[in-house]
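# Overview (structure and organization)
Here is what each chain is made of, one letter per residue.
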Amino acid sequence: CDPSKLSQGELERITRRYTAEILDYIGPERDVPAPDMNTNEQTMAWIMDTYSMHIRHTTTAVVTGKPLDLGGSQGRREATGRGCMIATDQALKRFGRKPEETRVIIQGFGNVGGQAGRLMHEVGYKIIGAADMFGGVFNARGLDIPALLSHMTNTKTVQGFPGGESIDSLEILEQDCDVLLPAATESVITSRNAHRIKARILT
């Protein structure tokens, strides 16, 4: 199904029924689900609540990515994006480079890419390109990341952001940059385009 076309009630009913079907496979000592594409803190809360109802007691450890008031962890939302930045920091040390002289392109500007972009911008990285499933935006002089995130909040896409040129979300991978961060779905870099990737560092 396409979650973007479903109501909140439909999403809740599907999530709860799915959770009931996988009860034997999840749990604190088995497998702990975490949010990913098309899911969020609310999804995790539904899973936790459904699991808890079936085993007859509240079990917050069945999922990660829950709201803070349901036992979630501070910093969880930006953890993966922060990990991308830390890995990039370490790669720069290897090459003797500084963040402020490093041009970054982020393909996939959802929770992971958006948070990585925000954090990297705050420490001086120059984010010159960002893309999502609808399209991308490129500015060789650097994007205004706080403004781009505000645009994302309002429109749910980077497409149409006035601070740069529009570019195709796959074409952006091949632009000249120092760091390329593919933070969207898998298989965006393949044998068909790998030879055209210009980035020195792939995070």
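Report on the accompanying structure.

### Concerning the sheet that holds strand β5 (residues 179-182)
Strand-to-strand pairing in sheets goes through backbone hydrogen bonds, with the strands running parallel or antiparallel. On the basis of which strands lie adjacent, the open sheet formed by six strands has the order β4-β3-β2-β1-β5-β6 and mixed pairing. Either end of the sheet is taken by a strand with one partner, and the two such strands are β4 (165-167) and β6 (201-202). Along the sheet, helix α4 (residues 111-122) makes contact with β1 (103-107), β2 (126-132) and β5, crossing β1 at roughly 165 degrees.

### Notes on unusual backbone geometry
The phi angle of most residues is negative, glycine excepted, and most peptide bonds adopt the trans form. Residue Arg56 is not a glycine yet carries a positive backbone phi of 75 degrees. Mapped onto the secondary structure, Arg56 falls in the loop between α2 (41-55) and α3 (76-95). Note on Arg56: relative accessible area 71%, which makes it exposed. In this structure, Lys156 takes a positive phi of about 65 degrees despite not being glycine. Tracing the backbone shows Lys156 in the loop between α5 (145-155) and β4.

### Some points on the environment of Arg76
Looking at the element boundaries, Arg76 is found in helix α3. According to the relative accessible area criterion, Arg76 is partly exposed, its value standing at 22%. On a C-alpha basis, the gap between Arg76 and Thr64 in space is 8.3 Å, while along the polypeptide they are 12 residues apart. Excluding its chain neighbours within four sequence positions, the residues that come into contact with Arg76 are Ala34, Pro35, Thr64 and Gly65. One polar contact links Arg76 to Thr64, side chain to side chain, over a distance of 3.4 Å.

### What to know about the nonpolar core
Within the largest apolar cluster, 23 residues are counted, with the highest numbers of intra-cluster contacts made by Phe109, Met120 and Leu148. For this core, the elements supplying multiple residues, two or more each, are α3, β1, α4, β2, α5 and β5. Once residues within four sequence positions are removed from consideration, Leu148 is found in contact with Phe109, Ala130, Val137, Leu143, Val158 and Phe161. The next biggest cluster of nonpolar side chains, apart from the first, holds 11 residues, and it includes Ile105, Ile167, Ile172 and Val188.

### Digging into the pattern of salt bridges
Applying the stated criterion across every chain yields a total of 10 salt bridges. For Glu12, the salt bridge identified is with Arg16, shortest N-O distance 2.9 Å. Separated by four residues within a single helix, Glu12 and Arg16 lie in helix α1 (residues 8-21), roughly one turn from each other. Judged by its relative accessible area of 27%, Glu12 is partly exposed. The salt bridge partner of Arg77 is Glu41, with a shortest N-O separation of 3.0 Å. Taken together, the residues Arg77 in helix α3 and Glu41 in helix α2 connect sequence positions 36 residues apart. Using a relative accessible area of 47% as the deciding quantity, one classes Arg77 as partly exposed. The exposure class assigned to Glu41 is partly exposed, which follows from its relative accessible area of 29%.

Parameters at a glance
- Residues numbered from 1 in each chain as written.
- Predicted model: local features only at pLDDT ≥ 70, side-chain atom pairs only at ≥ 80, totals over all residues.
- Heavy atoms only, no water.
- Pairing = 2+ DSSP bridges.
- Helix = DSSP H or I, 4+ residues; strand = E, 2+ residues; numbered from the N terminus.
- Contact = heavy atoms within 4.5 Å.
- Axes fitted to C-alpha atoms, helices over the stretch in contact; angles between N-to-C directions.
- Buried < 20%, exposed > 50% of the residue type's maximum accessible area, 1.4 Å probe, protein only.
- Polar contact = N/O pair within 3.5 Å; in protein donor to acceptor, adjacent residues only side chain to side chain.
- Core = buried A, V, L, I, M, F, W, Y, C linked by side-chain atoms within 4.5 Å.
- Salt bridge = Lys/Arg side-chain N within 4 Å of Asp/Glu carboxyl O.

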